[in-house]
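# Observations on the model geometry
Chain residues, written in single-letter form:
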Amino acid sequence: YLEDEKDEEFDISLKAHSSSGIDPLIELPALLQTLSSASNDFGLSFHHDTVQIYKKPCRPVSIPGSLGRVLSIHVEGLPEAFQVENDEFLMQLLGHFKECVSKVSLTQPVLVAIQSSGDNIDLESLIEKEVTDYGLRDGLEESSPDKAPEMEKTFIPSIKIELDGAMIEDVDFPGKSLFDTS
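Structure report, in brief.

Procedures and definitions
Residues numbered from 1 in each chain as written. Predicted model: local features only at pLDDT ≥ 70, side-chain atom pairs only at ≥ 80, totals over all residues. Heavy atoms only, no water. Helix = DSSP H or I, 4+ residues; strand = E, 2+ residues; numbered from the N terminus. Buried < 20%, exposed > 50% of the residue type's maximum accessible area, 1.4 Å probe, protein only. Contact = heavy atoms within 4.5 Å. Areas by Shrake-Rupley, 256 points an atom, 1.4 Å probe, with all protein chains shown as cover. Pairing = 2+ DSSP bridges. Expected span 1.5 Å × (residues − 1). Arc of directions from axis to C-beta. Polar contact = N/O pair within 3.5 Å; in protein donor to acceptor, adjacent residues only side chain to side chain. Core = buried A, V, L, I, M, F, W, Y, C linked by side-chain atoms within 4.5 Å. Salt bridge = Lys/Arg side-chain N within 4 Å of Asp/Glu carboxyl O.

### Concerning the overall build of the protein
Within the protein one finds four helices and nine strands. Moving toward the C terminus, one meets the helices and strands of the protein in the order α-β-α-β-β-β-α-β-α-β-β-β-β. For the protein, with 182 residues in total, the buried portion stands at 35%. Within the protein, counting contacts between residues at least 6 apart in sequence, those at least 24 apart form 69% of the total. Carbon together with sulfur atoms contributes 50% to the accessible area of the protein, which is approximately 11900 Å² in total.

Following this line, the structure appears as structure tokens:
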């Protein structure tokens, strides 16, 4: 829809709105330059001179383990109530952004989110929306025959456990190895 109309009806441009958890001296400039170039591939201008920078990652309490590295991009010039996620052109642009960002040397992944400038969704909500939209966090269910369905519990894994050990030769069976944690 937007692709057919963008030159005639709307004066569309992109603006880097806010970022969190991204190094503002090294990673953010490289990321913004990459996205500017990617926007040009689609014939759109990309403004990144007034980005709100939050050095600390935005980690929603509802999503344990989230990296909290987000870059929010606003689409300027859209009509009121325009649904960015329903537009094929903008979803192709977002896919192109993700492809280009994957080639940038970053210490950790960054969530790049596009929204209408009228939406003004905060960074925490953008992370929660992405997790929900793409099913990135599924709970583990516990049930047993003696429990009624209303008594079932859902668990969200949130602890990482590392085992320290080594592969050693089994004394009882020469030539075979086993993992020893002692």
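Having seen the model, we can carry on.
### So, the pairing of strand β4 (residues 70-76)
Buried residues dominate β4, accounting for six of its seven residues. As defined by bridge partners, strand β1 (residues 13-20) adjoins β4 across seven bridges and the pair is classed as antiparallel. Bridge pairing in β4 links Ser13 to Glu76. Pairing analysis gives six bridges linking β4 to strand β5 (residues 111-116), with the strands arranged parallel. Of the residues in β5, the one forming a bridge with Ser72 is Ala113.

### What to know about helix α3 (residues 88-101)
The terminal C-alpha atoms of α3, which comprises 14 residues, lie 20 Å apart, in line with the 20 Å expected from a rise of 1.5 Å per residue. Of all the positions in α3, only Phe89, Leu90, Leu93, Leu94, His96, Phe97, Cys100 and Val101 are classed as buried. Looking straight down α3, one finds that the buried residues subtend no more than 160 degrees of arc, so they occupy a single side. Looking at where α3 begins, the residue whose side-chain oxygen comes 3.2 Å from the main-chain nitrogen of Phe89 is Asp87.

### Quick look at the nonpolar core
Grouped together as the largest cluster of nonpolar side chains are 29 residues, with contacts concentrated most on Leu35, Leu71, Ile73 and Phe97. The element that contributes the greatest number of residues to this core is α3, accounting for seven residues. Ignoring anything within four residues of it in the chain, the contact list for Leu71 reads Ala16, Ser18, Ser19, Ile22, Leu28, Leu31, Leu32, Leu35, Val110, Leu111, Val112 and Ala113. With nine residues, the next largest nonpolar core counts Cys58, Val70, Leu123 and Ile127 among its residues.

### Notes on the environment of Leu31
Within the secondary structure layout, Leu31 lies in helix α2 (residues 27-41). With 70 residues separating them along the chain, Leu31 and Val101 place their C-alpha atoms 6.8 Å apart. Those residues within four positions of Leu31 in sequence are excluded, and the remaining contacts are Ile22, Leu71, Val101 and Val110.

### With respect to the pattern of salt bridges
Evaluated as defined, the whole model comprises four salt bridges. Note that Arg69 is salt-bridged to Glu27, the shortest N-O span being 3.2 Å. Of the two residues, Arg69 is situated in the loop between β3 (52-54) and β4 and Glu27 in helix α2; the sequence distance between them amounts to 42 residues. Summarising the burial analysis for this pair, Arg69 and Glu27 share the class buried.

### Brief notes about helix α4 (residues 123-133)
Regarding α4, the residues found buried are Leu123, Leu126, Ile127, Glu130 and Val131. Angularly, the buried residues of α4 cover 130 degrees about the axis, an arc narrow enough to put them on a single face. Tucked inside the fold, the buried residues of α4 contact β1, β3, β4, α3 and β5. N-capping of α4 is provided by Asp122, with a side-chain oxygen placed 3.1 Å from the backbone N of Glu124. Once α4 ends, the next one or two residues include Gly135, with phi positive near 60 degrees.

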